[in-house]
Amino acid sequence: MTKFIVTTKNGIGEKVPLRGTIWAFSMDRAQRFDTREAAQAQLDRAKQFMKAKVYKSAVIEEIN
């Protein structure tokens, strides 16, 4: 079943996943979403806690 996660890159170029409203250090801790829309909704909720540049660089990725 396909799931979605939200990621961005940190200052040294590593991918970091969104977990709730914070960025996690490990991909194992990534929050998984059933739909792309659910992932976007969570990213929008977390937007108030991040800089605009970070929000714009976030990517919704499909995982298996």
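Conventions used here
- Residues numbered from 1 in each chain as written.
- Predicted model: local features only at pLDDT ≥ 70, side-chain atom pairs only at ≥ 80, totals over all residues.
- Heavy atoms only, no water.
- Helix = DSSP H or I, 4+ residues; strand = E, 2+ residues; numbered from the N terminus.
- Buried < 20%, exposed > 50% of the residue type's maximum accessible area, 1.4 Å probe, protein only.
- Polar contact = N/O pair within 3.5 Å; in protein donor to acceptor, adjacent residues only side chain to side chain.
- Contact = heavy atoms within 4.5 Å.
- Salt bridge = Lys/Arg side-chain N within 4 Å of Asp/Glu carboxyl O.

K.L.:
A description of the side chain of Thr7 should follow, citing residues and the corresponding values.
P.N.:
Relative to the helices and strands, Thr7 resides in strand β1 (residues 3–9). Residue class for Thr7 comes out buried when judged on its relative accessible area of 2%. A polar atom in the side chain of Thr7 sits 2.7 Å from the side chain of Glu61. Dropping the residues within four chain positions of it, Thr7 is found in contact with Lys15, Val16, Pro17, Trp23, Met27, Ser57, Ala58, Val59 and Glu61.

K.L.:
Please provide a residue-by-residue account of the pattern of salt bridges, values included.
P.N.:
Under the criterion given, the structure shown has 2 salt bridges. Across the pair Lys3 and Asp34 runs a salt bridge, and its minimum N-O distance is 2.4 Å. In this pair, Lys3 sits in strand β1 while Asp34 sits in the loop between β3 (22–23) and α1 (36–46), placing the two residues 31 residues apart along the sequence. Take Lys3: its relative accessible area is 25%, and that puts it in the partly exposed class. A residue is classified by how much of its surface remains accessible, and Asp34, at 48% relative accessible area, is partly exposed. The salt bridge partner of Glu61 is Lys15, with a shortest N-O separation of 3.1 Å.

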